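Examining the three-dimensional arrangement
Below are the chains, spelled out letter by letter.
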Amino acid sequence: MARMNMLQAINNALDIAMSEDENTLCFGEDVGHFGGVFRATSGLQDKYGKARCFNTPLVEQGIIGFANGLAAQGSRPIAEIQFADYIFPAFDQIVNEAAKFRYRSGNEFDVGKLTIRSPYGGGIAGGLYHSQSPEAYFAHTPGLKIVIPRNPYQAKGLLLASIRDDNPVIFFEPKRLYRASLGEVPEEDYQLPIGKAEVVQTGSDITLLAWGAQMEILQKAADLAANDGISCEVIDLRSILPWDVETIANSVIKTGRLLVSQEAPLTAGFASEIAATIQQECFLHLESPIERVCGLDTPYPLALEKEYVSDHLKIYEAIKRSINY
Amino acid sequence: MARMNMLQAINNALDIAMSEDENTLCFGEDVGHFGGVFRATSGLQDKYGKARCFNTPLVEQGIIGFANGLAAQGSRPIAEIQFADYIFPAFDQIVNEAAKFRYRSGNEFDVGKLTIRSPYGGGIAGGLYHSQSPEAYFAHTPGLKIVIPRNPYQAKGLLLASIRDDNPVIFFEPKRLYRASLGEVPEEDYQLPIGKAEVVQTGSDITLLAWGAQMEILQKAADLAANDGISCEVIDLRSILPWDVETIANSVIKTGRLLVSQEAPLTAGFASEIAATIQQECFLHLESPIERVCGLDTPYPLALEKEYVSDHLKIYEAIKRSINY
Amino acid sequence: MSSELYDDGPMVHKPMFIDGTSVEIPELKILKQDGSTYEGAELPEMNEGLAIKIYKTLAFHRVLDERMVASQRQGRLSFYMAALGEEAASVGGAAGLKSQDMIMSQYREQGALMFRGFSLENFMNQMFSNEKDLGKGRQMPIHYGSSELNYMTISSPLGTQIPQATGYAYGQKVQGLDEVTLCYFGEGAASEGDFHAGLNMAAVHQAPVIFFCRNNGYAISTPSDEQFKGNGIASRGVGYGIKTLRVDGNDILAVVKATQIAREYALKESAPVLIEAMSYRLGAHSTSDDPSGYRTREEEAKWQANDPILRMKNWLLAQNWWDEDQDKALFEKLREKVLAAVKTSEKTNKPHIDTLITDVYDVPSTQLKAQLDSVKAHVNKYPEAYPFTAGKF
Amino acid sequence: MSSELYDDGPMVHKPMFIDGTSVEIPELKILKQDGSTYEGAELPEMNEGLAIKIYKTLAFHRVLDERMVASQRQGRLSFYMAALGEEAASVGGAAGLKSQDMIMSQYREQGALMFRGFSLENFMNQMFSNEKDLGKGRQMPIHYGSSELNYMTISSPLGTQIPQATGYAYGQKVQGLDEVTLCYFGEGAASEGDFHAGLNMAAVHQAPVIFFCRNNGYAISTPSDEQFKGNGIASRGVGYGIKTLRVDGNDILAVVKATQIAREYALKESAPVLIEAMSYRLGAHSTSDDPSGYRTREEEAKWQANDPILRMKNWLLAQNWWDEDQDKALFEKLREKVLAAVKTSEKTNKPHIDTLITDVYDVPSTQLKAQLDSVKAHVNKYPEAYPFTAGKF
Ligand SMILES: Cc1ncc(C[n+]2csc(CCOP(=O)(O)OP(=O)(O)O)c2C)c(N)n1
Ligand SMILES: Cc1ncc(C[n+]2csc(CCOP(=O)(O)OP(=O)(O)O)c2C)c(N)n1
Ligand SMILES: [Mg+2]
Ligand SMILES: [Mg+2]
């Protein structure tokens, strides 16, 4: 065990992946010598050479196109998109190509070895182009997996699982936590399962569900609610696609209430999918409407970020609203 | 009044828009002399000249980038994307640029005059790259409007409203209906409202909701159900963004049941947003879970298209499931 | 910092534009239409065996295209895309490679796949999307692919294969393989952003990839002079610092030669090469298209005179490697075979219902399995509505 | 059909590559570092008034950058991007235009906006995202814009403004206006697919747009020789059939001259022009960056000797249009003013809570209004948690 922040845990996972398989490559804008603008790939070029860890030209559609080709060839590419806000030029290569590669060829070819890493999310005074949480844009795409860690331990175990998974995986890293989130992380190799949610705190009155950096905030709200005698079950979804309907449904059948929090805007966010599915799975058990506490339906603001986001106070209020329904 | 198919109605709307404002331009791949691969822009180049109706190079990101610039300049661009399956290379220009143009500049600049037209949807033996219904991918984007017509009359009125609306609008045209859907269409100018659903058939037992080509299918299912004595209220959503929560909620409060059908895959489709919102708005009125009848969570198939899609039989079964819950 | 590198350009003190006329692009031509070769022409490595194989491939191509266009008109097939008049570009490209090289195509390069040995049955099964289709009946006709033959399955979105080819070739290089990737695309698709990405990255990352542009003058109805204003696609190679070669696309010997040279260079120098093959799309864009709406018969007639297959036949005749009787027999046999194959393939079953959910992921998720189960139950309830699958699982 | 047009290239019968060396790119230089001009140099249209205006803009630029980087270090400002050493490219570009021309920038071209007359207060209010910011406090520092000054608001996603500039210019042309659009971008952003789209479309649609590439050698840590392998960005102009001009970006007279010529050509011929200005990013990429991680002090020192502002000052001194006392006074006054403006702006209120939902659409939707109302109720309940807005609505 070692104390690591999330960046160190990610760097460590990449190091393990590159050392175990010489066909594993890391690349993206400024990823090489400099180690990435957040330093997630720091030291990897020195250790594994310029052919395996390198800068690409500034072209996201090219980075993912190149990565798709590498994966189809049998290499194991780990492509970085510098900010998730800049993943959209690669949308076609992800949604029309990576996601459909195996299916359209009848399994003659696949890009299962592809992993896309990208820092995402708000809370860093980044305004509308350095704060977005685009997971829902990808969640409507069969063929992709989407994974989001909440702390360094999760980041390492889930990233290793993503790299080794035989499907294209988008791994969104909550950048607000890069240096802020610290924890004990095993130095050796381990994996955490993709597609499984984790119950972080058991409770009986309401289920609180989120992912990534919202987990901290959810916990804060759960603590506030505990002062009022409300017992919250807190769950980290971890995988957006495929997502763990069973764990969530079992929890809601027990508590009778569900609140989902996300940073992204409300409309057509992933919280909507969860609410739609759970109202069906748990119809007879729900004692109040499923609450979605989300960003407003606007671009991510700068000066008024606090007012915009789903924070512990808004969640706390929504918990009470749900309980008192 | 004249009998028109949907293509003629669209062509007629474009003609009206181009004749009333000389700053209105139509362009896209093969849109000029040839009139587009579906012939929606047929005759417009002859009538308005090559400067106002023209072919572009084969580059969707460029078409929308170019259109954004034109709109910011004060022209009124109507850009065609040849198939909605090919809109993804333009995703960044739509989602990061068009949608955020006004907001990010504090209203110094805007692209409100932009309209994007694109044939979309399945049912034409097009397989995974000529059948997609990507509306949900865009629905998570504040700043955009999304409109989908169900027949020629709707197409003309909604397209004219979209062209004149002072926000960027994506207008998806159900291509299966281009020639198949015929109806009476006023020859003169008229508009239908954006953001308003339309109750197509009133009923008391269950609300059926869809948009575009699914409306026909919904009606067929409603007719089947009528034989069983089930009274369906049938609603055309028409606008995906912003969407008419009020009309849907009022209907569900009355009927106590909701079924939403969409061509796109189930997970994170727009039906999920509707279910999430309506379970909240109508919690105490719902007598059974909101049913979503959708495509499977796979790419759109070719040989097994029939098995894949939401058809009248699947909807009919879901109606009975809901009623007998 | 490399800006200094440019300091070797001349200094000027009055503004001077450079433009397209600043670069002259030679076009490689070896074979004349009458079957003779240009004086001093450097022929490709080609023996009689290879020459006959190429010619038979061209003939198969021509016949298959003809028959399938006809089948589509008869309503037996939903869609087809012929490559009439530009068959030499795809067949010649494949013939200049080694079998281990990866080919990534746009869609009008069935010739390359034929050269690799994809069987008539394989072509048919794909086009009729039946249960024997390697692609499991999921894509429209002509979206072939074969991992065994190193021919990447076609994907409809244009240009996407270009940066993918760069990545594929980079992987081949890093693994030290004796392989290159050849990437076909049309002059229309070269307008896509992915083209720019793929070529620039190939130059920067020194990927052994051959970019092979089929410039056939049209992208559906859009003529190439409404597609770009530079000197073809070749002139772009200069900007990327990529070795570039323009070739007469209807000259099979020139195409083979260009590809052989390109392969050698790409592999030895670990660097990309751009080939632009000049040709003309003699037929419609696809069976959904009617070119009389956007071009003249005269224009077409001019290019009919450049038939690449006839040109090769003339050469073979001149070599005494082929005669008219053989030729007639070949075409007759091919027509028969194709007709028979159509009949078999159109009657073959559609894919099994389970293929609805396979290959979305490596293994179907719990949700997908549940979705399939409910489709099966539904099909069993309404068998007459789902004739392809009812009673077959 | 335009393929035939290429037939004017020479025929060859042995394969011959063309490559980057096939085109030679001259670089326009007018002013030497000592303030003298090259013999025979053709000077731009420039009188004393314009020269002094340019110089004062350059000085303001230098001082503002210095002070804002310092403010960021003091923790008063969240972020800043300086243009140290490459100010002449943006200021010179604007100076070569008319005020009605649209400027679309990347982000390191505050100089152009200064030249247009954006006030110190406007700059400050944007950077401190307060209620007086024209952009309503929504974007990070340096994302300026002004419709009055025909300077498009900056957008962070790179390259997106390039095809937009083509569209903007096309609109200007169709409306018959006496206007062009100038579009700035970095040599890094020129790798984006949008660059390819924008340039090709401009050539095809004959848009009067000046593409102005600031080649400053780096994209964050990535040196330009890991960005592309061609001869700079200028060599790409050939491929698009766009008139192209390379200029010494630290030579203000050459930049103004190039832009004047480009504007004239673009407007007269209704056609795009590509300018590549060669320079060097002397400072860090942004206040979040530390270039010592990826380049040497020696390299930087070499470029320090090419200071464009000093070069212009030397020229002004030689013209007797300026003296050292004036110079000292100018810089002192500028520093004072900037410091005072920082103090005012950082104390100004944040934007009103209603700006949360305005400008998403032309008018807020019902849903947005309801969302705002619930935020307001929440802020009123927990005022201490939302100090920027609590009690202010
Ligand atoms: C991204 C994308 N946009 C549009 C299309 C529709 N489309 C199919 S083929 C074609 C023209 C391609 O022309 P070219 O690349 O020159 O190839 P050719 O047909 O001449 O062989 C178009 C526009 C597509 N398949 N993909
Ligand atoms: C689409 C996109 N990808 C990545 C980034 C992150 N980014 C911001 S500036 C920059 C480097 C740009 O370099 P260049 O274009 O040369 O301009 P310079 O900074 O040298 O002025 C990068 C990668 C971005 N803003 N947008
Ligand atoms: Mg073509
Ligand atoms: Mg740069």
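Values in this document were obtained by computation on a predicted structure and should not be read as measured data.

1. Some points on the sheet that holds strand β5 (residues 209-215) of chain D
- Here we have 7 strands laid out as an open sheet, ordered β1(C)-β2(D)-β8(D)-β9(D)-β5(D)-β4(D)-β3(D), and parallel in their pairing. Across the chains shown, the open sheet's two edge strands, defined by having one partner strand only, are β1 (11-12) of chain C together with β3 (102-104) of chain D.
- Pairing of β3(D) with strand β4 (residues 181-186) of chain D, which is carried by 3 bridges, proceeds in the parallel orientation. Its bridge partner being in β4(D), D:Met104 is matched across the sheet by D:Cys183.

2. Remarks on the relation of the copies chain D and chain C
- If you rotate chain D by 180° and push it 0.0 Å along the axis, it lands on chain C with an RMSD of 0.0 Å. The superposition of one copy onto the other is thereby described by a two-fold rotation axis. Considering only C-alpha atoms, the part of chain D nearest the rotation axis is D:Gly193, at 1.9 Å.

3. Here we look at the coordination of the magnesium ion (ligand 4)
All names here are of chain D.
- Only Glu187 (OE), Glu187 (OE), Asn216 (OD1) and Tyr218 (O) from the protein coordinate the magnesium ion (ligand 4), and they sit 2.0 to 2.8 Å from it.
- Because the angles between the 6 donor atoms bound to the magnesium ion (ligand 4) fall within 50 to 173°, the donor set is best described as irregular.
- Binding-site remark: the magnesium ion (ligand 4) is held by donors from one chain whose sequence spacing is E-x28-N-x1-Y. Within this pair, whereas Glu187 is found in the loop between β4 and α6 (193-205), its partner Asn216 is found in the loop between β5 and β6 (218-219), the two being separated by 29 residues in sequence. Both residues of the pair, Glu187 and Asn216, count as buried.

4. Some details on the site of ligand 1
- Around ligand 1, 22 residues are found, and the nearest of them are B:Glu60, C:Tyr107, C:Arg108, C:Asn216 and C:Tyr218.
- Residues lining ligand 1 come from chains B and C.
- Taken by itself ligand 1 offers 590 Å² of open surface, and the protein chains cover 96% of this.
- Its residues placed into classes, the shell around ligand 1 shows 9 nonpolar, 7 polar and 6 charged.

5. What about the domain arrangement of chain C?
- According to the domain assignment, chain C contains domain 1 (23-37 + 44-286 + 294-347) and domain 2 (353-385).
- Placing the centre of domain 1 of chain C and that of domain 2 of chain C at their C-alpha centroids yields a distance of 37 Å.

6. Considerations on the state of the cysteines
- Per the stated rule, a full pass over the model turns up 0 disulfides over all chains.
- Take A:Cys232: it sits in no disulfide, and the sulfur closest to it among the cysteines is that of A:Cys294, at 17 Å.
- A relative accessible area of 2% places A:Cys232 in the buried class.
- Cysteine B:Cys282 remains unbridged, with the sulfur of B:Cys232 as its closest cysteine sulfur at 17 Å.
- Residue B:Cys282 is classed as buried on the basis of its relative accessible area, which comes to 0%.

7. Here we look at the domain arrangement of chain A
Residues and elements named next belong to chain A.
- Each domain of chain A was delimited in the assignment, giving domain 1 (2-185) and domain 2 (198-323).
- One C-alpha centre belongs to domain 1, the other to domain 2; they are set 26 Å apart.
- In this complex, domain 1 contributes 28 residues to the contact, which on the side of domain 2 involves 24 residues.
- Considering only the surface of domain 1 that becomes buried against domain 2, Ile148, Arg150 and Arg176 emerge as the three largest contributors, covering 26% of it.
- Run the count over domain 1 and domain 2 and you get 3 salt bridges.
- Its salt-bridge partner being Asp236, residue Arg150 comes within 2.6 Å of it at the nearest N-O pair.
- At the junction of domain 1 and domain 2, the tally comes to 14 residue pairs in polar contact (both at pLDDT 80 or more).
- Contributing elements (two or more residues each) for the side of domain 1 that touches domain 2: α6 (135-139), β6 (145-147) and α7 (152-164).

8. Things to note about the pattern of salt bridges
- Across all of its chains, the model carries 89 salt bridges over all chains by this definition.
- A salt bridge links B:Arg321 to B:Glu291; its shortest N-O distance comes to 3.0 Å. Taken as a pair, B:Arg321 in helix α12 (residues 312-323) and B:Glu291 in strand β14 (residues 291-295) lie far apart in primary sequence, 30 residues in all.
- When its relative accessible area of 46% is taken as the criterion, B:Arg321 is described as partly exposed.
- The salt bridge partner of D:Arg297 is D:Glu300, with a shortest N-O separation of 3.1 Å. Highlighted residues: D:Arg297 and D:Glu300, both in helix α9 (residues 297-304), separated by 3 residues, approximately one helical turn.
- Looking at D:Glu300, the relative accessible area reads 7%, which means it is buried.
- Salt bridges sharing common partners tie together A:Arg150, A:Glu198, A:Asp236 and A:Arg238.

9. Topic: the packing of aromatic side chains
- Scanning the model with the defined rule gives 67 aromatic pairs over all chains in all.
- Their ring planes at 55° and their centres at 5.7 Å tell us that A:Phe91 and B:Phe88 sit as a pair that is tilted. Here the residue A:Phe91 occupies a position in helix α4 (residues 91-97), and B:Phe88 occupies one in the loop between β4 (76-80) and α4 (91-97), the pair thus bridging two chains.
- Counting every residue linked through ring pairs, the aromatic cluster contains A:Phe88, A:Phe91, A:Tyr120, A:Tyr137, A:Phe138, A:Phe172, B:Phe88, B:Phe91, B:Tyr120, B:Tyr137, B:Phe138 and B:Phe172.
- Lying across the ring of B:Tyr103, D:Arg138 places its NZ or CZ 4.2 Å from the centre.
- Directly above the ring of D:Phe388 sits D:Lys350, whose terminal nitrogen or CZ lies 5.5 Å from the centroid.

10. Focus on the interface of chain D and chain C
- Of the residues lining the interface, 75 residues belong to chain D; the matching set on chain C comes to 75 residues.
- Across the chain D-chain C interface, the total number found is 0 salt bridges.
- If you look at where chain D meets chain C, you find 20 residue pairs in polar contact (both at pLDDT 80 or more).
- Broken down by secondary-structure element, the contributors of at least two residues to the side of chain D that touches chain C are β1 (11-12), β2 (27-28), α6, α7 (234-240), β8 (243-248), α8 (252-269), β9 (273-278) and α9 of chain D.
- Sheet topology places β1(C) next to β2(D); 2 bridges connect them, and they run parallel.

11. Regarding the interface of chain C and chain B
- Across the contact, 45 residues belong to chain C and 39 residues belong to chain B.
- Summed over both sides, the interface between chain C and chain B buries roughly 3,300 Å², with carbon and sulfur atoms accounting for 62% of that surface.
- If you sort the residues of chain C by the area they bury against chain B, C:Leu356, C:Gln371 and C:Tyr386 come out on top, with a joint share of 16%.
- Between the two partners, chain C and chain B, sit 2 salt bridges.
- A salt bridge links C:Glu226 to B:Lys50; the nearest nitrogen and oxygen atoms lie 3.5 Å apart.
- Viewed at the interface, chain B and chain C are joined by 14 residue pairs in polar contact (both at pLDDT 80 or more).
- Of all the elements in the fold, those that place two or more residues in the side of chain C that touches chain B are β7 (222-223) and α12 (366-381) of chain C.
- Broken down by element, the side of chain C that touches chain B gets its largest block of residues, 6 residues, from α12(C).
- Looking at the side of chain C that touches chain B residue by residue, the classes come out as 21 nonpolar, 17 polar and 7 charged.

12. Observations regarding the site of ligand 2
- Neighbouring ligand 2 are 22 residues, the closest being A:Glu60, D:Tyr107, D:Arg108, D:Asn216 and D:Tyr218.
- More than one chain reaches ligand 2: the nearby residues come from chains A and D.
- One nitrogen or oxygen atom from the side chain of A:Glu60 is found 2.5 Å from a nitrogen atom belonging to ligand 2.
- D:Glu187 places a polar side-chain atom, nitrogen or oxygen, 3.0 Å from an oxygen atom of ligand 2.
- Bound to the protein, ligand 2 loses 96% of the 590 Å² it would expose on its own.

13. A few points about the pairing of strand β7 (residues 169-174) of chain A
All names here are of chain A.
- The element β7 is largely enclosed, with a buried count of 6 among its 6 residues.
- Here β7 shows two buried faces, one formed by Val169, Phe171 and Glu173 and the other by Ile170, Phe172 and Pro174.
- Sheet analysis places strand β5 (residues 115-120) next to β7, joined by 6 bridges and oriented parallel. Bridging from a neighbouring strand, Arg117 pairs with Phe171 of β7.
- With 3 bridges connecting them, β6 and β7 associate as parallel partners. In the strand pairing of β7, Val147 is matched with Phe171.
- For the crossover from β6 across α7 to β7, the handedness is right-handed.

14. Digging into the coordination of the magnesium ion (ligand 3)
All names here are of chain C.
- Around the magnesium ion (ligand 3), the donor atoms from the protein are Glu187 (OE), Glu187 (OE), Asn216 (OD1) and Tyr218 (O), and they sit 2.0 to 2.8 Å away.
- What the 6 donor atoms of the magnesium ion (ligand 3) show is an angle range of 50 to 171° at the metal, which sorts the shape as irregular.
- One chain supplies every donor to the magnesium ion (ligand 3), and in sequence these donors are spaced E-x28-N-x1-Y.
- For Glu187, a relative accessible area of 1% puts it in the buried group.
- Taking the relative accessible area as the measure of exposure, Asn216 reaches 3% and is therefore buried.

What counts and what doesn't
Residues numbered from 1 in each chain as written. Chains lettered and ligands numbered in written order. Predicted model: local features only at pLDDT ≥ 70, side-chain atom pairs only at ≥ 80, totals over all residues. Heavy atoms only, no water. Pairing = 2+ DSSP bridges. Helix = DSSP H or I, 4+ residues; strand = E, 2+ residues; numbered from the N terminus. Least-squares fit on C-alpha atoms with pLDDT ≥ 70 in both. Donors = N, O, S within 2.8 Å, 3.2 Å for Na, K, Ca; no water. Tetrahedral: all angles 85-135°; square planar, octahedral: opposite > 155°, others 65-115°. Buried < 20%, exposed > 50% of the residue type's maximum accessible area, 1.4 Å probe, protein only. Near = heavy atom within 4 Å. Areas by Shrake-Rupley, 256 points an atom, 1.4 Å probe, with all protein chains shown as cover. Nonpolar A, V, L, I, M, F, W, Y, C, P; charged D, E, K, R; others polar. Domains from an automatic or database assignment. Disulfide = S-S within 2.5 Å. Contact = heavy atoms within 4.5 Å. Buried area = accessible area lost by both parts, 1.4 Å probe. Salt bridge = Lys/Arg side-chain N within 4 Å of Asp/Glu carboxyl O. Polar contact = N/O pair within 3.5 Å; in protein donor to acceptor, adjacent residues only side chain to side chain. Phe/Tyr/Trp six-rings, centres within 6.5 Å; stacked < 30°, edge-to-face > 60°. Lys NZ or Arg CZ within 6 Å of the ring centre and 35° of its normal. Right-handed = clockwise from strand over helix to strand, strands pointing away.

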